[in-house]
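# Inside the fold
Here is how the chains run, residue by residue.
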Amino acid sequence: MSEFQRPRGTRDFSPEEMQKRRYVENALMTTARNFGFSEVMTPTFENTDLFIARSGPEIVDEMYEFEDKGGRRIALRPEITASVIRYYVNELQTRPKPLKLYYMGNCFRYERPQSGRYREFFQFGAEIVGSPSLSSDAEVLALASSCLRGIGLKNVKMRVGHLGILKGVFEEMKLDEIVQTDIRRLVDKRDFEELGTLAAESDISDENMDRLVDLVSLKGGAEAIGKAKEVLGRADPSLNYLSRLLERLALYGVGDAEIDLGVARGLDYYSGMVFEIDAPSLGAEKQVCGGGSYTLSEVFGGEEVFSTGFAFGFDRLMLAMENDGVDIPSAKLETYVIPVSDTARAKCILIVSELRNAGVSADIDLMGRKMGKALAYADSLNFRTAIIVGENELEDEKATVRDMASGEQESVPFAELARYFCTEL
Ligand code: AMP
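Small disclaimer: the values here were computed from a predicted structure and weren't measured.

What counts and how
- Residues numbered from 1 in each chain as written.
- Predicted model: local features only at pLDDT ≥ 70, side-chain atom pairs only at ≥ 80, totals over all residues.
- Heavy atoms only, no water.
- Helix = DSSP H or I, 4+ residues; strand = E, 2+ residues; numbered from the N terminus.
- Rg over C-alpha atoms; globule rule 2.2 N^0.38 Å.
- Buried < 20%, exposed > 50% of the residue type's maximum accessible area, 1.4 Å probe, protein only.
- Contact = heavy atoms within 4.5 Å.
- Areas by Shrake-Rupley, 256 points an atom, 1.4 Å probe, with all protein chains shown as cover.
- Patch = residues over 30% accessible without salt bridge, like charges linked within 9 Å, V, L, I, M, F, W, Y side chains within 5 Å.
- Salt bridge = Lys/Arg side-chain N within 4 Å of Asp/Glu carboxyl O.
- Lys, Arg positive; Asp, Glu negative; His and termini not counted.
- Charge placed at Lys NZ, Arg CZ, Asp CG, Glu CD.
- Near = heavy atom within 4 Å.
- Polar contact = N/O pair within 3.5 Å; in protein donor to acceptor, adjacent residues only side chain to side chain.
- Nonpolar A, V, L, I, M, F, W, Y, C, P; charged D, E, K, R; others polar.
- Pairing = 2+ DSSP bridges.
- Core = buried A, V, L, I, M, F, W, Y, C linked by side-chain atoms within 4.5 Å.
- Phe/Tyr/Trp six-rings, centres within 6.5 Å; stacked < 30°, edge-to-face > 60°.
- Axes fitted to C-alpha atoms, helices over the stretch in contact; angles between N-to-C directions.
- Parallel < 35°, antiparallel > 145°, perpendicular 65-115°, else oblique.

## Quick look at the overall build of the protein chain
In terms of helices and strands, the protein chain carries 15 helices and 17 strands. Compactness check: the protein chain gives a C-alpha radius of gyration of 28 Å against a globular reference of 22 Å for 425 residues, more than 25% above the reference. With the principal axes as the frame, the protein chain shows a C-alpha extent of 95 × 55 × 45 Å. Here the protein chain, with 425 residues, has 50% of them falling under the buried criterion. Considering only contacts within the protein chain whose residues lie at least 6 apart along the sequence, 66% involve residues at least 24 apart. Summing over all exposed atoms, the protein chain offers an accessible surface of approximately 21400 Å²; the carbon and sulfur share of this is 49%.

Okay, structure coming up:
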């Protein structure tokens with residue numbers, strides 16, 4: 001074992017893992033592109049101020065944050081939405097709206113590592129910038145749902161809420177900003193006991209606090225909206241909005257979204273619809289996606305513009321797929337070329353080059369291994385076939401093509417090899 005270990009909370013990914021990760025990443029990106037989204041990429045690090053402007057100074061404790069050699073405060077990005085909106089404000093504001101953008105990238109948070117929680121992890125996310133809420137909220141939720149369908153992850157639960165409902169209650173109760181923020185944080189953590197303590201300290205009546213807890217505990221289909229009206233004792237525009245959103249989602253074929261008025265998204269910058277997606281098989285760290293509608297561009301010096309977006313925790317998607325036994329096809333390499341003698345090597349290089357140029361995945365023995373060992377190596381790397389060339393093959397101008405699974409062999413003239421593999425593909 002080397003004395004050099006990777007930093008805590010980081011991972012190395014094996015060739016097999018990377019093949020699976022790229023397969024899933026590709027499926028997510030294909031779905032986003034089918035929905036009319038385009039990819040963007042922003043820097044891995046930003047000026048610390050960007051994240052402070054977005055989330056407040058407490059965020060610094062949760063980030064990899066340092067001074068660079070020029071004396072600038074720099075942070076490795078803890079998420080990517082802030083960067084995308086900064087980029088929008090600086091360079092994309094004049095583009096036709098709405099802008100539909102997606103991204104995939106690594107993020108860094110200084111957290112206590114555990115299963116499903118890392119210091120370097122990956123997010124796949126999408127944002128619609130510039131169109132008012134209902135239509136883009138529905139489109140973004142439909143995209144998130146289709147992404148999950150596209151990767152075959154079925155054991156998931158999408159929970160949708162609206163921060164306007166809590167806001168209405170806060171206004172009725174005439175709560176100051178600090179208490180509001182505390183309540184949102186505790187609702188997000190479902191810490192109802194602590195909420196009781198806070199109520200006592202903030203002179204919130206038992207009756208009001210019970211009502212609030214009843215409200216944020218409401219979950220279910222459209223009937224949850226009716227119950228929320230009863231608890232509130234009035235109609236509420238945000239509840240009506242959620243009803244209409246469910247109707248829109250049904251048109252998209254998304255019938256499994258559940259209303260959950262307890263979705264509060266912690267201290268994030270969301271202002272309207274908010275949602276989370278859980279994969280129950282993950283246990284404690286089961287949230288695979290978080291999102292909602294927000295305005296952020298004005299914080300970065302742009303004009304206020306409505307946006308809606310989400311971020312999937314890519315690593316948690318991979319874990320959930322593994323737990324649920326979702327099949328990810330392994331990549332088969334096509335053929336491994338084995339020169340049986342030194343004199344055959346030159347011909348083998350010509351063959352492997354021709355196949356590669358024709359777009360066939362082809363490799364060649366570099367170790368001068370004997371045939372048995374070379375075949376075992378090809379087998380271990382999952383090649384579908386091997387091409388064997390020795391003295392007899394050179395003489396006949398034909399290669400022996402071996403099916404690695406069945407062991408069956410056939411002779412294919414050198415001149416026809418590329419065509420043989422291209423029609424086989
Ligand atoms: P957030 O920006 O906190 O809403 O995170 C979006 C998603 O990223 C979450 O739902 C998680 O799936 C994932 N995520 C957040 N933090 C981590 C972490 N430390 N390690 C792995 N995944 C994470």
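## Some words on a negative patch on the surface
A contiguous patch of negative charge on the surface is contributed by D206, E207, D210 and D214. Topologically, E207 is positioned in helix α8 (residues 206-216).

## Here's the deal with the pattern of salt bridges
Applying the stated criterion across every chain yields a total of 25 salt bridges. Residues R11 and D315 are paired through a salt bridge, measuring 2.8 Å at the closest nitrogen-oxygen approach. Note that R11 is positioned in the segment before α1 (15-34) and D315 in helix α11 (residues 314-323), a separation of 304 residues in sequence. Overall, D315 belongs to the buried group, its relative accessible area being 4%. Between R265 and E276 there is a salt bridge, with the nearest N and O atoms lying 3.1 Å from each other. Pair noted here: R265 is in the loop between β9 (257-260) and β10 (270-278) and E276 is in strand β10, with a separation of eleven residues, a long-range link. We note that R265, like E276, is buried.

## Here's the deal with the site of the ligand
In the neighbourhood of the ligand, 15 residues make up the surrounding shell, with R109, E111, Y118, R265 and Q287 lying closest. A distance of 2.5 Å separates a nitrogen atom of the ligand from a polar atom in the side chain of E111. In the model, an oxygen atom of the ligand is placed 3.5 Å from a nitrogen or oxygen of the C289 main chain. Burial of the ligand by the protein chains amounts to 89% of its free accessible area of 480 Å². Breaking the shell around the ligand down by element, the ones donating at least two residues are β6 (120-129), β11 (287-294) and β12 (307-313). The element that contributes the greatest number of residues to the shell around the ligand is β11, accounting for four residues. Class assignment for the residues of the shell around the ligand results in five nonpolar, five polar and five charged.

## Topic: the sheet that holds β12
The sheet built from nine strands is open, its strands ordered β1-β5-β6-β12-β11-β10-β7-β9-β8 with mixed pairing. Two strands bound the open sheet, and with one partner strand each, they are β1 (38-39) and β8 (219-220). Pairing of strand β7 (residues 157-162) with β10 involves six bridges; the strand directions are antiparallel. Its bridge partner being in β10, K157 is matched across the sheet by D278.

## Details of the environment of S406
Along the chain, S406 falls in the loop between β16 (398-403) and β17 (409-413). Residues S406 and G359 lie 47 residues apart in sequence; the distance between their C-alpha atoms is 24 Å. In this structure the side chain of S406 is engaged in a polar contact, spanning 3.1 Å, whose partner is the backbone nitrogen of E408.

## Section: the pairing of β7
Across the six residues of β7, five count as buried, placing the element largely inside the fold. Where β7 meets β9, three bridges bridge the pair, whose relative direction is parallel. The partner of M158 across the bridge, within β9, is A257.

## Describing the nonpolar core
In a soluble, globular protein the nonpolar side chains are often hidden away together inside. Core analysis: the largest hydrophobic core is formed by 77 residues, its most contacted members being F124, I183, L212, F275, F310 and F312. Looking at this core element by element, the count peaks at ten residues for helix α4 (residues 133-151). Core analysis: the second largest hydrophobic core is formed by 30 residues, V84, F121, Y294 and F300 among them.

## Some words on the packing of aromatic side chains
Summed over the entire model, instances satisfying the criterion amount to nine aromatic pairs. Ring plane angle 70° and centroid distance 6.3 Å describe the contact between F13 and F122, whose orientation is recorded as edge-to-face. You can see F13 sitting in the segment before α1 and its partner F122 sitting in strand β6, a full 109 residues away along the chain. Judged by relative accessible area, F13 falls into the partly exposed class, the value being 26%.

## Remarks on a nonpolar patch on the surface
Residues L333, Y377 and L381 make up a contiguous nonpolar surface patch of about 220 Å² in total accessible area. Here Y377 is to be found in helix α13 (residues 371-380). Looking at Y377, the relative accessible area reads 32%, which means it is partly exposed.

## Looking at the packing of helix α9 (residues 222-232) against helix α10 (residues 237-251)
Their axes nearest at 10 Å, the elements α9 and α10 cross at an angle of 175°. In terms of axis orientation, α9 runs roughly antiparallel to α10. For the pair formed by α9 and α10, the contact residues are A222, I225, A228, K229 and L232 on the first element and L239, N240, L242, S243 and L246 on the second. Class assignment for the residues of the contact of α9 with α10 results in seven nonpolar, two polar and one charged.

## Structural notes on the side chain of D365
With respect to the helices, strands and loops of the structure, D365 is situated in the loop between β14 (362-364) and α13. The exposure class assigned to D365 is buried, which follows from its relative accessible area of 0%. At 3.4 Å, the side chain of D365 and the backbone nitrogen of R369 are in polar contact. Excluding its chain neighbours within four sequence positions, the residues that come into contact with D365 are Y336, V337, P339 and R345.

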